[in-house]
Amino acid sequence: MVRRVAVIGAGAGGLASVKCCLDQGLEPTCFESSEDIGGVWRYTDSTDNRSISVYHSVITNTSKEMSCFSDFPFPEDFPSYLPHGLVLEYFRMYARHFDLLRHVRFQTTVVSVRRRPDFTSSGQWEVVTETEGVRESHVFDAVMVCTGHYQEPYLPLASFPGIESRFKGQQLHSQEYRDVQAFRGKRVLVVGIGNTGGDLSVELSRVAAKVFLSTRSNTWIISRVSDHGFPFDMVNTTRFNHLLEWLLPSALTRRIKFRKFNSWFNHTNYGLASSKSHKFKLIVNEELPFCLLSGTVVLKPNVKEFTESSAVFEDGTTAENIDVVLFATGYNFSFPFLEESVRSTIHDNRSLYKCIFPPQLEKPTLAIIGLIQLTGSIMVGSEMQARWVTGVFAGWNKLPPPSRMMAEVLKTKPPEKRNPHERENLKMSFISYMDKIAACAGVKPSVLRLLLTDPQLALAIFFGPCSPYQYRLEGRGRWSGARAAILTQWQRVLQPLRTRVLGDSSNSSPGWCWMCLLALPAALTAGFLFSKYPQAGWSPWA
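Conventions we followed
- Residues numbered from 1 in each chain as written.
- Predicted model: local features only at pLDDT ≥ 70, side-chain atom pairs only at ≥ 80, totals over all residues.
- Heavy atoms only, no water.
- Helix = DSSP H or I, 4+ residues; strand = E, 2+ residues; numbered from the N terminus.
- Buried < 20%, exposed > 50% of the residue type's maximum accessible area, 1.4 Å probe, protein only.
- Contact = heavy atoms within 4.5 Å.
- Core = buried A, V, L, I, M, F, W, Y, C linked by side-chain atoms within 4.5 Å.
- pLDDT = per-residue confidence, 0-100.
- Axes fitted to C-alpha atoms, helices over the stretch in contact; angles between N-to-C directions.
- Parallel < 35°, antiparallel > 145°, perpendicular 65-115°, else oblique.
- Left-handed = near helix turned anticlockwise from the far one by under 90°.
- Nonpolar A, V, L, I, M, F, W, Y, C, P; charged D, E, K, R; others polar.
- Expected span 1.5 Å × (residues − 1).
- Polar contact = N/O pair within 3.5 Å; in protein donor to acceptor, adjacent residues only side chain to side chain.
- Salt bridge = Lys/Arg side-chain N within 4 Å of Asp/Glu carboxyl O.
- Pairing = 2+ DSSP bridges.
- Phe/Tyr/Trp six-rings, centres within 6.5 Å; stacked < 30°, edge-to-face > 60°.

### Quick notes on the overall build of the protein
- Counting its secondary structure elements, the protein contains 18 helices and 22 strands.
- Taking all 542 residues of the protein together, the buried fraction comes to 52%.
- Taking as baseline every contact in the protein between residues at least 6 positions apart, the subset at least 24 positions apart corresponds to 68%.

### Structural notes on the nonpolar core
- Core analysis: the biggest nonpolar cluster contains 76 residues, and Val-5, Phe-69, Phe-91, Met-144, Phe-357, Trp-388 and Phe-393 have the highest contact counts within it.
- Among the elements that take part in this core, helix H11 (residues 378-394) stands out by supplying 9 residues, more than any other.
- Once residues lying within four places of it in the same chain are set aside, the contact partners of Trp-388 are Tyr-353, Lys-354, Ile-356, Phe-357, Asn-397, Leu-399, Ile-437, Cys-440 and Ala-441.
- Grouped together as the second largest cluster of nonpolar side chains are 30 residues, Leu-200, Leu-204, Leu-292 and Val-297 included.

### Points about the confidence of the model for the protein
- Taken residue by residue, the protein gives an average pLDDT of 91. The fraction at 70 or more is 90%.
- Across residues 417-425, confidence stays below pLDDT 50; counting only partners more than four residues off in sequence or on other chains, it has 13 contacts.
- Below pLDDT 50 for its whole length, residues 528-538 participates in 16 contacts with residues either more than four positions away or in separate chains.

### A few points about the packing of H11 against helix H13 (residues 430-441)
- Following both chains from N to C, one finds H11 and H13 inclined at 15°, their axes separated by 9 Å at the closest point. In terms of their interaxial angle, H11 and H13 are classed as roughly parallel. Of the two elements, H11 crosses H13, and the hand of that crossing is left-handed. Contact with H11, carried on its side by Val-380, Gly-381, Met-384, Gln-385 and Trp-388, involves Phe-430, Tyr-433, Met-434, Ile-437, Ala-438, Cys-440 and Ala-441 of H13 and no other residues of that element.
- Taken together, the residues that form the contact of H11 with H13 break down as 10 nonpolar, 2 polar and no charged.

### Comments concerning the environment of Cys-146
- With respect to the element layout, Cys-146 can be found in the loop between strand E7 (142-145) and strand E8 (152-153).
- Once the C-alpha coordinates of Cys-146 and Gly-11 are considered, the two residues, 135 residues apart in sequence, prove to be 7.4 Å apart.

### Details of H11
- Its 17 residues place the ends of H11 24 Å apart at the C-alpha level, agreeing with the 24 Å of an ideal helix rising 1.5 Å per residue.
- Of all 17 residues in H11, 16 are buried, a share of seventy percent or more.
- Looking at where H11 begins, the residue whose side-chain oxygen comes 3.2 Å from the main-chain nitrogen of Met-379 is Ser-377.
- Looking one or two places after H11, you find Gly-395, whose phi comes out positive at around 95°.

### Quick look at the pattern of salt bridges
- In the structure shown here, the tally under the stated rule is 25 salt bridges.
- One salt bridge connects Arg-472 with Asp-71, and the closest N-O pair in it is separated by 3.7 Å. Residue Arg-472 is found in the loop between helix H15 (455-463) and helix H16 (482-487), and its partner Asp-71 is found in the loop between helix H2 (64-67) and helix H3 (84-97); the two are separated by 401 residues along the sequence.
- A salt bridge links Asp-99 to Arg-102; the nearest nitrogen and oxygen atoms lie 2.7 Å apart.
- The network of salt bridges with shared partners includes Lys-19, Asp-23, Asp-71, Glu-383 and Arg-472.

### Side note on the environment of Thr-47
- Turning to its location among the elements, Thr-47 is positioned in the loop between strand E2 (27-31) and H2.
- Separated by 131 residues in sequence, Thr-47 and Arg-178 place their C-alpha atoms 8.1 Å apart.
- Each residue touching Thr-47, except ones within four places of it in the same chain, is listed here: Gln-175, Glu-176 and Arg-178.

### As for the sheet that holds strand E5 (residues 125-131)
- The strand order across the open sheet formed by 3 strands is E4-E5-E6, and the pairing between neighbours is antiparallel. Both edges of this open sheet fall to strand E4 (109-115) and strand E6 (134-140), since each of them pairs with a single strand only. Ignoring strand direction, the axes of neighbouring strands in this sheet form an average angle of 20°.
- As paired elements, E5 and E6 share 7 bridges and run antiparallel to each other. From the neighbouring strand, Glu-130 faces E6, where its bridge partner is Arg-135.

### A short note on the sheet that holds strand E15 (residues 303-306)
- A sheet is described by the order of its strands in space; here 3 strands give the open sequence E15-E16-E17, paired in antiparallel fashion. Of all strands in the sheet, those bounded by a partner on one side alone are E15 and strand E17 (318-319).

### Description of the packing of aromatic side chains
- Taken as a whole and judged by the stated rule, the model has 32 aromatic pairs.
- An angle of 40° between the planes, with centres 5.6 Å apart, marks the rings of Phe-72 and Tyr-90 as tilted. Taken together, the residues span a long stretch of sequence, with Phe-72 in the loop between H2 and H3 and Tyr-90 in helix H3 at a distance of 18 residues.
- Summarising the aromatic geometry, the rings of Phe-240 and Phe-463 are spaced 5.1 Å apart at their centres and angled 40° between planes, so their arrangement reads as tilted. With Phe-240 in helix H7 (residues 239-247) and Phe-463 in helix H15, the pair connects residues that are 223 residues apart, well separated along the chain.

Following this line, the structure appears as structure tokens:
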């Protein structure tokens, strides 16, 4: 039986895991290599390889109501989108409120995690840690790895001939970037147009002599500010929209999305994306379109090769006199402390059962938390994973036998890629994944049951934002404040904006109430059909 649990890392996933262990009556010990909590959200000026940190100007891409721990809302006076300092302050509040810090051992590095000789019967692990040069061995009944996927900078230098042999300028990864001061007056090439590449291009354009942004991807840009000035994720991440996407043909939903994206500006005119493209990225950035329009950032195709001072692009054009190449090419994950026989089986999150459990282990006492990319908050997804995992450890939730887990993993795992430098987009639907794990944990809300017992709440969770509080309405870990948190979430969005009150009053939530009345008959019909014929597939009412 699991009692003592090792939690590796005290970032968002590690803190949630410690709290979930305590909720289940387990005894967690969290090992954190640095001197503080927060993980990547603890900003530091250090740029050594052990310090993966956000850059100084970073703002969250997901809003506070869609990013909080499910039983601990952000303070209502916090803005909807947060700088790193407020995110870290929230983590400190969470840790104090649930008394988590007494379970954390700081400046303690996990050196190795190995199965004990009797693992097939006990499921136990030997964990070796090091603190100030002194090593210590521990025995734990289970291990939760919460180091995330921002671990090792991904630098595909082999894909750029000449970058190491000919180019004389400076080259660095975005992991080393903290602020703009070192780039003042320079000509900078940013490689990669993810969220980081877009953010850094905009910021550098204010001080650099010129900024070029190179991409090989079709990219759609959205704004954090959506209809009527509300956060984009709150307006768009709803169960109603999710149902429509599931019902409508994929070609039609793609066309609807592209039309909505192009209603802000025509992405084809800017060289970003074509409505005919099937593979594309989606990034969040309000300022990049203006930078492209004003010429302070110049969009370029993929780099073909580098000369001593120039970059030659695949379309034959050249950017001359480049001083700095900044690679915004993401990160690789790694678990160097795991024994080789386990580590070698984890190629990506699809090698894991439900992106969490290594399926080949005889005992399910190792869980990887936070190795996910969602269309919503990873922090929320990590907490849901931790709730299910600790339920499994405590015996409340059951897993299928290893053979069935392995069969499911093999069924969803894609074939090996021919080009080793071609990185797969592993982003999953936020609602789909959250509902899948919530169902395993027995905490998925039933819209149909709520419609009969609490219609106001049912409409709010179906047509309103799929916020984390929904997963505290029922099951183990039920929170008595969940209903109120759901029904007051729009007020918390507007509260920090009430710094200049006008005479006329405005709506405290988007105008989806009328849409509820118009769409309710269709939604009820769909719910009836899915409930009557569950074999047809996914049901939003379960």
